[in-house]
Amino acid sequence: MKIDDISAFVAVVRSQSVSAAAETLGLTQSAITRRVQNLEQELGVELLDRSVKPPKPSLMGKQVFEQCGRVLQEVDRLRDLVQVDQAPRGVFRIGVIQTIGDVVLLDTLQNLNRAFDGLHTEVTSGWGSQLVERVANAEIDAAVALFPATKVLPEGLRGRTLGRIELVVVAQKGAMPKRAYKLRDIFGTGWVLNPDGCGFRAGLARALMEQGLSFKINLETFGADLQLGLAASGLGLGLMPLPILERSRHRAQLDIVNVVDFKPVLEIWLVQPLQPGPVRHAIDFFAQAVEQAFAEAPLKAVPKVAAR
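1. Looking at the overall build of the protein
Move 1: Summing up its helical and strand segments, the protein has eleven helices and eleven strands in all.
Move 2: Per-residue burial for the protein yields a buried fraction of 44% across its 308 residues.
Move 3: The long-range share in the protein, meaning contacts at least 24 apart out of those at least 6 apart in sequence, stands at 76%.
Move 4: Here the protein displays about 16400 Å² of accessible surface, and carbon together with sulfur accounts for 50% of that area.
Move 5: Charged side chains in the protein number 35 positive and 33 negative. The centres of these two groups are separated by 7 Å.

Rendered as structure tokens:
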């Protein structure tokens, strides 16, 4: 039984496609098919139901897939025993939510290249939950995302916090002149937010629902700079991490709205496997850069309100 055959089978099941598995492993589709067939022959059982497209694991195939995943984890740990103290080489795959990436990526990637000249870094963006799932599936080596302090990670992963970020409600300068508001006072104004899937948006939706208030979306769009620009133009309220706001070119056209019953604070999480392997030093380097960047960022909002 060959590790390469096991890897091919696992890749097919995870990607739900022979062609995608071939792309992931850098092989031809025929090579992937041959390796899966070799594993089936070795075990004496059909692992894939080929009567459907794309092929899906059979009942026994599902059980074999779970065991093969554990086998590959143990193989990785075996390699780690001799590689853990070596400088990382090859590909380092890091997942970073855009909120964090906007602050740290440019400088950190340049510093990584200088520190580890044998390393090629690939960056993936997405929602935090998506990135954690990709770490769990060994598609990326680590992820940096924002979660509540109570976040529970899947089995086989560990996390540590690198700092905290306060989220603030922002409005067009002078549009919200009072010194304090409650969600009930402002919910009807509407919001400019990320599309569905964003943790910030989900937290706001829960807070509104708990008070029996409607969730009015004026505009949904990606990109902190665009969202802040739209809020500065009076098209709705924004919800933004304070460090992003303070770095924005739109800061002078925005006020922080003091919402006394909505003060969300999220933790910056680094998520990685229990055994991160030879890229451990690169993960630690990246984590330190994030920690330092946000230690220097504003920690507490000071609302700037118009004179009454």
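2. A short note on the packing of aromatic side chains
Move 1: Applying the stated rule across the entire model yields three aromatic pairs.
Move 2: For the ring pair F147 and W269, a centre distance of 6.4 Å and an interplane angle of 85 degrees mean the geometry is edge-to-face. Highlighted residues: F147 in strand β5 (residues 142-147) and W269 in strand β11 (residues 265-273), separated in sequence by 122 residues.
Move 3: In this structure W269 comes out as buried when scored by relative accessible area, which is 9%.

3. Quick word on the confidence of the model for the protein
Move 1: On average, residues of the protein carry a pLDDT of 85, and 92% of them reach 70 or more.
Move 2: Across the protein, the element-wise mean pLDDT spans from 81 in helix α4 (residues 59-83) up to 94 in strand β10 (residues 254-257).
Move 3: Every residue in residues 302-308 is under pLDDT 50, and counting partners more than four places away or in other chains gives 16 contacts.

4. Some words on helix α1 (residues 3-15)
Move 1: Spanning 13 residues, α1 covers 18 Å between terminal C-alpha atoms, matching the ideal 18 Å at 1.5 Å per step.
Move 2: The set of residues buried in α1 consists of D5, I6, A8, F9, V10, A11, V12 and V13.
Move 3: Trailing α1 by a residue or two, Q16 shows a phi angle of about 60 degrees, which is positive.

5. So, the pairing of β10
Move 1: Both faces of β10 are covered, namely the face carrying L254 and I256 and the face carrying D255 and V257.
Move 2: Pairing geometry for strand β6 (residues 157-172) and β10, over four bridges, is antiparallel. Residue pairing in the sheet places A171 in a bridge with D255 of β10.

6. Looking at the packing of helix α2 (residues 18-25) against helix α3 (residues 29-43)
Move 1: Closest axis-to-axis distance for the α2/α3 pair is 8 Å, and the angle between their directions is 100 degrees. Regarding the angle of α2 to α3, the classification is roughly perpendicular. Contact residues: α2 offers V18, S19, A21, A22 and L25, while α3 offers Q29, I32 and T33.
Move 2: Residues belonging to the contact of α2 with α3 are distributed by class as follows: five nonpolar, three polar and no charged.

About the thresholds
Residues numbered from 1 in each chain as written. Predicted model: local features only at pLDDT ≥ 70, side-chain atom pairs only at ≥ 80, totals over all residues. Heavy atoms only, no water. Helix = DSSP H or I, 4+ residues; strand = E, 2+ residues; numbered from the N terminus. Buried < 20%, exposed > 50% of the residue type's maximum accessible area, 1.4 Å probe, protein only. Contact = heavy atoms within 4.5 Å. Areas by Shrake-Rupley, 256 points an atom, 1.4 Å probe, with all protein chains shown as cover. Lys, Arg positive; Asp, Glu negative; His and termini not counted. Charge placed at Lys NZ, Arg CZ, Asp CG, Glu CD. Phe/Tyr/Trp six-rings, centres within 6.5 Å; stacked < 30°, edge-to-face > 60°. pLDDT = per-residue confidence, 0-100. Expected span 1.5 Å × (residues − 1). Pairing = 2+ DSSP bridges. Axes fitted to C-alpha atoms, helices over the stretch in contact; angles between N-to-C directions. Parallel < 35°, antiparallel > 145°, perpendicular 65-115°, else oblique. Nonpolar A, V, L, I, M, F, W, Y, C, P; charged D, E, K, R; others polar.

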